[in-house]
Amino acid sequence: MNTARVSINKDFRIGEVDPRLFGSFIEHLGRAVYGGIYEPDHPTADELGFRRDVLELIREIGVPVVRYPGGNFVSGYNWEDGVGPVAERPRRLDLAWKTTEPNLVGTNEFVAWAKCAGTEVNLAVNLGTRGIDAARDLVEYCNHPAGTYWSDLRRSHGVDQPHGVQLWCLGNEMDGPWQIGHKTAAEYGRIAAEAAKVMKWVDPSIQLVACGSSNARMATYPDWEATVLDHVYDHVEFISLHSYHGLAGDDLATFLAQSLAMDDQIETVIAACDVVKAKKRSRKQMMLSFDEWNVWYHARDRDRETMRQEPWRVAPLLTEEAYTLADAVVVGSMLISLLKHADRVKIACLAQLVNALAPIMTVTGGRAWRQTTFYPYLHASRYGRGTVLRLAIDSPSYENAEFGKVPFLEAIAIHEEESEMMTLFAVNRSLTDVLPIEVDLRGMPGYRLIEHLELADADPDATNTAERPNAVVPRARDDTSVENGVLSARLSPISWNLVRLAKAAG
Ligand code: AHR
């Protein structure tokens, strides 16, 4: 394999990373809430019923924001069912996932949990079966201090101080026929604009995310974005993007290139935003919230069967993906894609956080453990904060029927000015070969190597399980060096890499 050559210069800036780029998502779906974050009978449960072992893993990552309560679930959700005395809350059919929702956890419990987890809440309102009235009531319930019907109801529920939820989603995937209350772009654009208007009248400090397309394969994409933005441009700060990628058959080469589709989706949505901006002669720049992204394919068939054969259970096993090493490398390359667009993508949510499509898994009544995908997410959240630098990359590549020429190397660098730290995230997409890289650091004089960690395995299908939770973990490489302003490293086949550098003292 030829050497991939990279140049880094701290003056070639893409943009500042908004910490919310490393957000996540918890939906009332499967065992995400019940048996995931909430399990009052678990030996580690706190006084509110939340699992402390799960909270610890979430704090380890450092998740800045968590979207809640859906997803598809929110489009049939009455938020009023989830507040007030638990014993009086109704059990409801959740038509999105064919389950029974016991409403043991609702808005107040989730906000309390988020405080313990050290994260901000991003609440979604129901624009499927509900509308502007329920949306403005929920903002009043959460954010108005006191002296009105909804704020006093919150206080009567034992929550004296307002939650101050800053970030709100205007519905979920409203372009999808599977969505409860699915709408055309014009129908959604109108209701989203009106909901946004009154929600901000209740609390002018909030920020709003309008629904973009559910994925880039929708027939209405990207006209959906253009039409919706035409209605909501002056009322919202963000448009959402969603994308899940999977392995088709055994075509690993195509799977490993999926972040190129993410690049394309981000750039297309930016173009749609900027066309509407120009049409409106607006000075405002619309930002992107990639509020659902991940790998999802292992459990899809099994889930369809569960929903068909055993509907209406509470917290069944749904969307529990056993993530492989290859999946973690794709997640890593998707994180790089988000970072490459950090000037416009300000929020992103790995979907999801616990049990459902998750980096963190639990056994009900038992242990919690880290999936393979935990590690790229942890590294990016911990070391991916600062200024993203534009790299000049000259990498050997392979031909792929779907993507054309695909570089083996995917990489990005982040510079933390104050602490004078530099982080390089890199993926080797080769199925078989070590990829040697040489990084010209002359644009960043005086930097020395701290560590090179790689996530790799001889078996691309290797997973972590409850029984073998540490089968796939990052390991230090000892053959990486910095000499005469050049970083030399070798990247294992199908690997995720974290290389950290610091300015040498003196
Ligand atoms: O994250 C799982 C589901 O994927 C969400 O409920 C929905 O928004 C998307 O289709």
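Keep in mind the model is a prediction, meaning the values are calculated, not measured.

Right, let's talk about the site of the ligand for a bit. Surveying the vicinity of the ligand reveals the residues Phe25, Glu27, Gly71, Asn72, Trp97, Asn172, Glu173, Tyr244, Glu292, Trp296, Gln352 and Leu357. For the ligand, an oxygen atom lies 3.0 Å from a polar atom in the side chain of Asn172. Glu173 has a polar side-chain atom sitting 2.7 Å from an oxygen atom of the ligand. Here the ligand, which alone exposes 290 Å², has 95% of that area covered by the protein. Here the residues of the shell around the ligand sort into five nonpolar, four polar and three charged.

For helix H5 (residues 185–202), built from 18 residues, the straight-helix expectation of 26 Å at 1.5 Å per residue is met to within 8% by its first-to-last C-alpha distance of 26 Å. Within the span of H5, buried status applies to Ala185, Tyr188, Gly189, Ile191, Ala192, Ala193, Ala195, Ala196, Val198, Met199 and Lys200.

Along its sequence, the protein is carved into domain 1 (4–10 + 388–503) and domain 2 (18–383). Computed over C-alpha atoms only, the centres of domain 1 and domain 2 are separated by 30 Å. Facing the 39 residues of domain 1 at the interface are 33 residues of domain 2. Of the roughly 3100 Å² buried between domain 1 and domain 2 on both sides combined, carbon and sulfur atoms contribute 72%. Here domain 1 and domain 2 share one salt bridge between them. Linking Glu410 and Lys340 is a salt bridge whose minimum nitrogen-to-oxygen distance equals 3.1 Å. Linking domain 1 to domain 2 there are 13 residue pairs in polar contact (both at pLDDT 80 or more). Of all the elements in the fold, those that place two or more residues in the side of domain 1 that touches domain 2 are strand S17 (397–400), strand S19 (409–416), strand S20 (421–428), strand S22 (447–455) and strand S26 (495–503). Each residue belonging to the side of domain 1 that touches domain 2 can be placed in one class, and the counts come to 24 nonpolar, seven polar and eight charged.

Turning our eyes to something else, we now look at the pairing of strand S21 (residues 435–443). Working note: regular strand, side chains alternate between the two faces of the sheet. Pairing between strand S1 (residues 4–9) and S21: five bridges, direction parallel. Paired with Ser7 across the strands is Asp440, a residue of S21.

A few words on the sheet that holds strand S11 (residues 287–295). Pairing is parallel around the closed barrel formed by eight strands, whose spatial order is S3-S4-S7-S8-S9-S10-S11-S12. For this sheet, the mean angle separating the axes of adjacent strands, direction not counted, is 30°. As defined by bridge partners, strand S10 (residues 238–245) adjoins S11 across seven bridges and the pair is classed as parallel. Bridge pairing in S11 places Ile239 opposite Leu288. Where H5 meets the sheet, its contacts fall on strand S7 (120–125), strand S8 (167–170) and strand S9 (207–210), and the angle it forms with S8 comes to roughly 155°.

Within the largest apolar cluster, 169 residues are counted, with the highest numbers of intra-cluster contacts made by Ile8, Trp113, Trp168 and Tyr188. With eleven residues, the top contributor of residues to this core is helix H10 (residues 325–340). Two domains share this core, each providing at least three of its residues, namely domain 1 (4–10 + 388–503) and domain 2 (18–383). Excluding its chain neighbours within four sequence positions, the residues that come into contact with Ile8 are Leu389, Leu391, Ala413, Met422, Leu424, Val439, Asp440, Leu441, Gly443 and Met444.

Here Gly70 and Gly71 are connected by a cis peptide whose omega angle stands at 15°. Secondary-structure assignment places Gly71 in the loop between strand S4 (65–68) and strand S5 (92–94). Here Tyr221 and Pro222 are connected by a cis peptide whose omega angle stands at -5°. Here Pro222 shows up in the loop between S9 and helix H6 (223–232). Backbone geometry at Trp312 places phi at a positive 70°, although glycine is not the residue there. With respect to the element layout, Trp312 can be found in the loop between helix H9 (300–309) and H10. Unlike most non-glycine residues, Glu420 shows phi in positive territory, near 55°.

Applying the stated criterion to the full structure yields 33 salt bridges. Where salt bridges share partners, they join Asp263, Lys340, Glu410 and Arg429 into one cluster.

Mapped onto the fold, Ser381 is located in helix H11 (residues 374–383). Here Ile61 takes part through its backbone oxygen, which lies 3.0 Å from a polar atom of the side chain of Ser381. Within the local environment of Ser381, its side chain forms a polar contact with the backbone oxygen of Gly62, the two atoms lying 2.7 Å apart. Beyond its immediate sequence surroundings of up to four residues, Ser381 is in contact with Phe22, Ile61 and Gly62.

This brings us to the packing of H5 against H6. At a minimum axis separation of 8 Å, H5 and H6 run at an interaxial angle of 30°. The angle between H5 and H6 places the two elements in the roughly parallel class. Crossing of H5 against H6: the hand is right-handed. Packed against H5, whose contacting residues are Ala185, Ala186, Tyr188, Gly189, Arg190, Ala192 and Ala193, the element H6 presents Trp224, Thr227, Val228, His231 and Val232 at the interface.

Strand order in the open sheet formed by five strands is S16-S1-S21-S25-S24, and the pairing between neighbours is mixed. Of all strands in the sheet, those bounded by a partner on one side alone are strand S16 (392–394) and strand S24 (481–483). Taken over all neighbouring pairs, the strand axes of this sheet differ in orientation by 20° on average, direction set aside. The pairing of S21 with strand S25 (residues 486–491) spans six bridges and is antiparallel. Bridging across to S25, Asp440 finds its partner in Val486.

Each value, and the rule that gives it
- Residues numbered from 1 in each chain as written.
- Predicted model: local features only at pLDDT ≥ 70, side-chain atom pairs only at ≥ 80, totals over all residues.
- Heavy atoms only, no water.
- Near = heavy atom within 4 Å.
- Polar contact = N/O pair within 3.5 Å; in protein donor to acceptor, adjacent residues only side chain to side chain.
- Areas by Shrake-Rupley, 256 points an atom, 1.4 Å probe, with all protein chains shown as cover.
- Nonpolar A, V, L, I, M, F, W, Y, C, P; charged D, E, K, R; others polar.
- Helix = DSSP H or I, 4+ residues; strand = E, 2+ residues; numbered from the N terminus.
- Expected span 1.5 Å × (residues − 1).
- Buried < 20%, exposed > 50% of the residue type's maximum accessible area, 1.4 Å probe, protein only.
- Domains from an automatic or database assignment.
- Contact = heavy atoms within 4.5 Å.
- Buried area = accessible area lost by both parts, 1.4 Å probe.
- Salt bridge = Lys/Arg side-chain N within 4 Å of Asp/Glu carboxyl O.
- Pairing = 2+ DSSP bridges.
- Axes fitted to C-alpha atoms, helices over the stretch in contact; angles between N-to-C directions.
- Core = buried A, V, L, I, M, F, W, Y, C linked by side-chain atoms within 4.5 Å.
- Parallel < 35°, antiparallel > 145°, perpendicular 65-115°, else oblique.
- Left-handed = near helix turned anticlockwise from the far one by under 90°.

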